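Report on the structure
Here is how the chains run, residue by residue.
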Amino acid sequence: MTKISPEFEEQMEMEAVISVSADVSFASDHFPKYRIGADYQIMDEQKEGPKGPSLKEVVAQETAQLAEQQKRLSVRDLATKFDKNLAAAAKMTDQAKLRETASLEGHVLLKKLRDALESLRGRLAGRDKEDVEKAISMVEALAVKLTQKEGELIQEKFEVKKLANILKQASEDAKKLVNQERSFACAEIESARVVVQRFGEALEEEEKISDASGKQELEVLLEEVQEARRIKLLHQPSKVMDMEHELRALRIQIREKSIMSLMLQKQLAMSKRAEENRSHLYQLCGSETLGSSLQVKACSDEAQELSKCSIQWYRLPTEGSRRELISGANKSIYALEPFDVGRFLEVDIVSNAQKVTVTTSAPIGPAAGLASYVETLLRKPNTEFNVVIFQMNGRNYSSKSVHLFHVGKMRMKLCRGWITKARESYSSSMQLCGFRGGGNSAAKSLFWQPRKGQSFVLVFETERERNAAIMLGRRYALDCNVVLAGPEDLAFI
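The rules behind the values
Residues numbered from 1 in each chain as written. Predicted model: local features only at pLDDT ≥ 70, side-chain atom pairs only at ≥ 80, totals over all residues. Heavy atoms only, no water. Helix = DSSP H or I, 4+ residues; strand = E, 2+ residues; numbered from the N terminus. Buried < 20%, exposed > 50% of the residue type's maximum accessible area, 1.4 Å probe, protein only. Contact = heavy atoms within 4.5 Å. Areas by Shrake-Rupley, 256 points an atom, 1.4 Å probe, with all protein chains shown as cover. Phe/Tyr/Trp six-rings, centres within 6.5 Å; stacked < 30°, edge-to-face > 60°. Lys NZ or Arg CZ within 6 Å of the ring centre and 35° of its normal. Pairing = 2+ DSSP bridges. Salt bridge = Lys/Arg side-chain N within 4 Å of Asp/Glu carboxyl O. Axes fitted to C-alpha atoms, helices over the stretch in contact; angles between N-to-C directions. Parallel < 35°, antiparallel > 145°, perpendicular 65-115°, else oblique. Left-handed = near helix turned anticlockwise from the far one by under 90°. Nonpolar A, V, L, I, M, F, W, Y, C, P; charged D, E, K, R; others polar. Expected span 1.5 Å × (residues − 1). Core = buried A, V, L, I, M, F, W, Y, C linked by side-chain atoms within 4.5 Å.

When its secondary structure is counted, the protein chain shows 8 helices and 17 strands. Evaluated residue by residue, the protein chain yields a buried proportion of 30% over its 493 residues. Residue pairs in contact within the protein chain that sit at least 24 positions apart in sequence constitute 57% of those at least 6 positions apart. With an accessible surface of roughly 32200 Å², the protein chain has 54% of that area assigned to carbon and sulfur atoms.

Put into structure tokens, the structure is as follows:
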């Protein structure tokens, strides 16, 4: 066995120390502890104490816990949990950096140790040289294992960085979700505030409407409203619904009482007029609805014969208002026309310097189904009616042949086959109204003046067609900014 002198050992130790750079910093002041296994394998020394779980196991465990708690955690708690995990990931990244630094120091130390052993192998021979070579092989094996550890550390560092990015993104998403939920909550609060405000406005409006009823009913309604408000504050929807049903029933009762009061007033007015008419010498006979005729008849033996009296019909927009003269209506029979609907009619009978006035008991009512019939005809571009000419230019027309009366959106036309009697567009000189000359067929007749100097009295097949023709013509003329009426009726429009 070759011996080494003390001087050589001191010289080798000095060389080993000098060869290490002064810029290298070591994590510890001693060489890592390890032991040699079978076939000269380097085995790490088992650390004392309990061994904790690896980083992958910790990450997997935290992920599982988050997945289990995600359903029962609130959005704010989930965001806080993500922030804690993000801080833990940053801490693990710092630990991985420290391990990387320690690994670099280990590489430097092993390189210096191998260089020292290589220099020592060149100076030794025999069995000592073999021992040095075995030491060199052990150092190389340790370097390989350290390299493997570095690879695992790099992979672990990559996974930690990936997990940190995922947690960071999840934290940002959680914050966005918190902000979104906060905005939704604010919107719901604002919507609830608007609903409460509308409910208050509705209650105030109901209070204003209820002022029209009696003082006793008003006090009852106010008590009911206050009770409804108190129940609403106590969050008892069932009682609020009961109060609403009671309020609705009260409103229905008030409305029925109002309708009954109006009917009683109307019946009272009709009875008063009937008593007045009984005291008069004349009365009106006939239905006071559109499509019929009214006739003046004597109801007393003292009444003068109508043929010896002067008769004039008037319209009253409302009872007691200024009368409107109906030009040409000076016969004992008057056929009601659409312009009379909703108005009172009054007739003056003058004989021997004595004037008697008779008024209808109620405003003239509309004909049943006439409005819907007219709306159906308005959907057509033009409408045709079968008519017979009764008078032409104020004279009786001898021929009783059937003609067609066209009522269009821009003009009106009267023809028989290819022969056209009159055709005119709507203008201010055109007149259209019911026939006011009396007679049995007055309810089926109308007066039409296409232009000045030309006029017709047309007899329709039914009262419904006559009234529909008048309403259609006036509607189409109004669309052309023209008002169709009878003679001298424009003065009262």
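A word on the packing of aromatic side chains. For the structure on display, the rule yields 6 aromatic pairs. Taking 5.4 Å as the distance between ring centres and 25 degrees as the angle between the ring planes, the aromatic pair formed by Trp-313 and Tyr-334 counts as stacked. Here Trp-313 is found in strand S5 (residues 310-316), whereas its partner Tyr-334 is found in strand S7 (residues 333-335), with 21 residues between them in sequence. Note on accessibility: Trp-313 and Tyr-334 belong to one class, buried. A network of ring pairs unites the aromatic residues Phe-385, Phe-405, Trp-448, Phe-456 and Phe-460 as a single cluster. A cation sits over an aromatic face here: Arg-323 above Tyr-314, 3.8 Å from the ring centre. One residue, Arg-464, lies across the ring of Tyr-373, its end atom 4.1 Å from the ring centre.

A word on the pairing of strand S14 (residues 419-425). With 6 bridges joining them, strand S13 (residues 411-416) and S14 adopt antiparallel strand pairing. In the sheet register, Leu-414 faces S14, and the bridge partner there is Ala-422. In this antiparallel pair of consecutive strands, S13 and S14, the connection spans 2 residues, and Gly-417 shows a positive phi of 65 degrees.

With that settled, consider the pattern of salt bridges. Here the structure, examined in full by the defined rule, presents 8 salt bridges. The partner of Glu-337 in a salt bridge is Arg-315, with the nearest N and O atoms 3.7 Å apart. Of this pair, Glu-337 sits in the loop between S7 and strand S8 (344-351) while Arg-315 sits in strand S5, and the two are 22 residues apart along the sequence. Given a relative accessible area of 1%, Glu-337 falls into the buried group.

Further remarks concern the sheet that holds strand S4 (residues 293-298). The 3 strands are arranged S3-S4-S7 in an open sheet whose pairing can be described as antiparallel. Either end of the sheet is taken by a strand with one partner, and the two such strands are strand S3 (282-285) and S7. Strand-to-strand, the axes of this sheet are offset by a mean angle of 20 degrees, without reference to chain direction.

For sheets, the rule is that strands pair by backbone hydrogen bonds, running either parallel or antiparallel. Read across the sheet, 4 strands follow the order S6-S5-S8-S9 without closing on themselves; strand pairing throughout is antiparallel. Each end of this open sheet is capped by a strand with a single partner; those strands are strand S6 (324-325) and strand S9 (354-359). Of the strand pairs in this sheet, S8 and S9 are connected by 6 bridges, and their pairing is antiparallel. Bridging from a neighbouring strand, Glu-346 pairs with Thr-359 of S9.

Let us now look at the packing of helix H7 (residues 370-378) against helix H8 (residues 463-479). Interhelical geometry of H7 versus H8 gives an angle of 55 degrees and a closest axis separation of 10 Å. In terms of orientation, H7 lies oblique with respect to H8. The two elements H7 and H8 meet at a crossing, and its hand is right-handed. Judged by residue contacts, Leu-370, Tyr-373, Val-374, Glu-375, Leu-377 and Leu-378 of H7 engage Arg-464, Glu-465, Asn-467, Ala-468, Met-471, Leu-472, Arg-475 and Tyr-476 from H8. Among the residues forming the contact of H7 with H8, the class breakdown is 9 nonpolar, 1 polar and 4 charged.

Next up on the list: H8. Across its 17 residues, H8 extends 25 Å between first and last C-alpha, which sits within 8% of the 24 Å expected from 1.5 Å per residue. All of the buried residues along H8 are Glu-465, Arg-466, Asn-467, Ala-468, Ala-469, Ile-470, Leu-472, Gly-473, Arg-474, Tyr-476 and Ala-477. Looking at the residues trailing H8, positive phi occurs at Asn-481, about 60 degrees.

Attention shifts here to the nonpolar core. Tyr-282, Trp-313, Phe-405, Met-412, Tyr-426, Trp-448 and Leu-458 are the most contacted members of the largest nonpolar core, which has 49 residues in total. With 6 residues, H8 is the single largest residue contributor to this core. If we ignore the near neighbours within four places in the chain, the residues touching Trp-448 are Phe-405, Met-412, Lys-413, Leu-414, Ala-422, Met-430, Gln-431, Leu-432, Ser-455 and Phe-456. By size, the runner-up hydrophobic cluster in this structure holds 8 residues, among which are Leu-110, Leu-117, Ile-136 and Val-139.

A few words now on the side chain of Ser-455. Looking at where Ser-455 falls in the secondary structure, it is placed in strand S17 (residues 454-460). On the basis of relative accessible area, Ser-455 is assigned to the buried category, the value being 14%. Other than its neighbours up to four places away in sequence, Ser-455 contacts Gln-391, Met-392, Asn-393, Gly-394, Phe-447, Trp-448, Gln-449 and Pro-450.

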